[in-house]
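# Chains, contacts and geometry: an overview
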Amino acid sequence: MREALNTGPGRVLIGVYGLFALAAGARAGVQIGTQFSEAPLAYLLSALAAAVYVVATVALARSYRRLALVCCSVELLGVLAIGTASLVDPGAFPKATVWSLYGIGYGFVPLVLPILGLLWLRGRAGRRTPDSTRA
Amino acid sequence: MPPHWLGTAVTIAGLLVAVWCLVPVLRDRAVDASHWAALGILQALVTAEVVAAIVHLARGAHPHQYVTFIGYVVALFLVPPLAMLLARLEPTRWGALIVTVGAVVVPVLILRVNQLWSGGA
């Protein structure tokens, strides 16, 4: 029996992650499709962030604990790193990414979301769980 | 010009529905019929806004960020039903939180739709 990650508060996280996967994905798609040369780095980062949100959504929905842990960690590191970098060197990020200025353009949700995700995963770690490699 | 009165109505409805759906979250209850009804009204208003946007485009309007505009309109139309679907799977306070979040997202999307409506930015 694997620890379910997709009920209760987990279902709320899935919803918000899904929303961000959609928002970041659509935005990155439009940016890369129409104006990629303007800010390749920012747009590739947007695409990376979108990909992480998609994987995180699936990981939570299917209770892939380890994968969810990796995604939330990558997000947290990403938003902290890019947030700090965009403060220190605004010139490097001429166009906003989801993670610029710690996600200010998205009401700081990109900063809060991985923290909530990690707390949720920790809260569910009470019982020892077999490896979640099952499809 | 976007139909501001309609956008304003949807925004206010979204915020009111969010507050109404927050009550069961705080009381540790599942949503009941009153919340589904409120969400239904919100979706009706959202649908009116979406129809207005479609008419806007059908009349030959071409917002500067055309694809993005359509994306936001589609998202606007889908967010409340998807939140309701997810909330139905979760008949607890957490389901109520899901529709609360969904209702809050609606005014945000309206804001963006209005910004992109005719143009420049």
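Scroll up a little and you will see the structure.
Overview of the structure. (Residues numbered from 1 in each chain as written. Chains lettered and ligands numbered in written order. Predicted model: local features only at pLDDT ≥ 70, side-chain atom pairs only at ≥ 80, totals over all residues. Heavy atoms only, no water.)

## Observations concerning the overall build of chain A
The helix and strand inventory of chain A stands at 4 helices and 0 strands. Mapped from its N terminus to its C terminus, chain A presents α and β elements in the order α-α-α-α. Seen along its three principal axes, the alpha-carbon backbone of chain A occupies a region of about 50 × 30 × 20 Å. Expressed as a percentage of the 135 residues in chain A, the buried residues total 40%. Within chain A, contacts between residues at least 6 apart in sequence are counted, and of these 71% link residues at least 24 apart. Carbon and sulfur atoms make up 69% of the accessible area of chain A, which amounts to about 6,700 Å² in all. In chain A, the 12 positive side-chain charges and the 5 negative ones have mean positions that sit 13 Å from each other. (Helix = DSSP H or I, 4+ residues; strand = E, 2+ residues; numbered from the N terminus. Buried < 20%, exposed > 50% of the residue type's maximum accessible area, 1.4 Å probe, protein only. Contact = heavy atoms within 4.5 Å. Areas by Shrake-Rupley, 256 points an atom, 1.4 Å probe, with all protein chains shown as cover. Lys, Arg positive; Asp, Glu negative; His and termini not counted. Charge placed at Lys NZ, Arg CZ, Asp CG, Glu CD.)

## A word on the nonpolar core
One finds Tyr17(A), Tyr53(A), Leu60(A), Leu42(B), Phe69(B) and Val99(B) to be the most contacted residues of the largest nonpolar core, which totals 67 residues. Only helix H1 (9–35), helix H2 (40–61), helix H3 (65–88) and helix H4 (109–123) of chain A together with helix H1 (4–27), helix H2 (33–58), helix H3 (66–88) and helix H4 (93–116) of chain B provide two or more residues apiece to this core. Examining the composition of this core, we find that 10 residues originate from one element, H4(B), more than from any other. (Core = buried A, V, L, I, M, F, W, Y, C linked by side-chain atoms within 4.5 Å.)

## A short note on the packing of aromatic side chains
What the rule picks out here adds up to 4 aromatic pairs over all chains. When the centroid spacing of 6.0 Å and the interplanar angle of 50° are considered together, the rings of Tyr17(A) and Tyr53(A) count as tilted. In this pair, Tyr17(A) sits in helix H1 while Tyr53(A) sits in helix H2, placing the two residues 36 residues apart along the sequence. For the residue pair Tyr17(A) and Tyr53(A), the accessibility class agrees, reading buried in each case. Taking 5.7 Å as the distance between ring centres and 85° as the angle between the ring planes, the aromatic pair formed by Phe69(B) and Trp117(B) counts as edge-to-face. Of this pair, Phe69(B) sits in helix H3 while Trp117(B) sits in the segment after H4, and the two are 48 residues apart along the sequence. Accessibility classification places Phe69(B) together with Trp117(B) in one group, the buried group. Over the ring of Trp94(B) we find Arg93(B); its NZ or CZ atom is 5.6 Å from the centre of that ring. (Phe/Tyr/Trp six-rings, centres within 6.5 Å; stacked < 30°, edge-to-face > 60°. Lys NZ or Arg CZ within 6 Å of the ring centre and 35° of its normal.)

## Observations concerning the interface of chain B and chain A
The interface is formed by 11 residues belonging to chain B together with 9 residues belonging to chain A. Taken over both partners, the interface formed by chain B and chain A buries close to 860 Å², and the fraction arising from carbon and sulfur atoms is 80%. Remark: the boundary between chain B and chain A carries 1 salt bridge. With its nearest N and O atoms 2.8 Å apart, the salt bridge here joins Arg11(A) to Glu90(B). Viewed at the interface, chain A and chain B are joined by 3 residue pairs in polar contact (both at pLDDT 80 or more). Elements with a contribution of two residues or more to the side of chain B that touches chain A: H3 and H4 of chain B. It is H4(B) that provides the largest number of residues to the side of chain B that touches chain A, a total of 5 residues. Broken down by class, the residue content of the side of chain B that touches chain A amounts to 9 nonpolar, 1 polar and 1 charged. (Buried area = accessible area lost by both parts, 1.4 Å probe. Salt bridge = Lys/Arg side-chain N within 4 Å of Asp/Glu carboxyl O. Polar contact = N/O pair within 3.5 Å; in protein donor to acceptor, adjacent residues only side chain to side chain. Nonpolar A, V, L, I, M, F, W, Y, C, P; charged D, E, K, R; others polar.)

## Observations regarding the packing of H1(B) against H4(B)
Any two packed helices are characterised by the angle at which their axes cross and by the distance between the axes. Residue and element names in this part refer to chain B. At a closest axis distance of 8 Å, the pairing of H1 and H4 adopts a crossing angle of 165°. Classified by the interaxial angle, the pair formed by H1 and H4 is roughly antiparallel. Where H1 crosses over H4, the two elements pack in a sense that is left-handed. Residue composition of the contact of H1 with H4, by class: 17 nonpolar, 6 polar and 1 charged. (Axes fitted to C-alpha atoms, helices over the stretch in contact; angles between N-to-C directions. Parallel < 35°, antiparallel > 145°, perpendicular 65-115°, else oblique. Left-handed = near helix turned anticlockwise from the far one by under 90°.)

## Overview of H1(A)
Over its 27 residues, H1(A) runs 38 Å from end to end, which matches the ideal 39 Å to within 8%, given 1.5 Å per residue. If you check which residues of H1(A) are buried, you get Gly10(A), Arg11(A), Val12(A), Leu13(A), Ile14(A), Val16(A), Tyr17(A), Phe20(A), Ala21(A), Ala24(A), Ala28(A) and Gln31(A). Tucked into the core, H1(A) has its buried residues touching H2, H3 and H4 of chain A together with H3 and H4 of chain B. (Expected span 1.5 Å × (residues − 1).)

## Focus on the side chain of Thr68(B)
Structurally, Thr68(B) is set in helix H3. Accessibility expressed as a relative area gives 18% for Thr68(B), which makes it buried. The contact partners of Thr68(B), leaving out residues within four places of it in the chain, are Val30(A) and Leu116(B).

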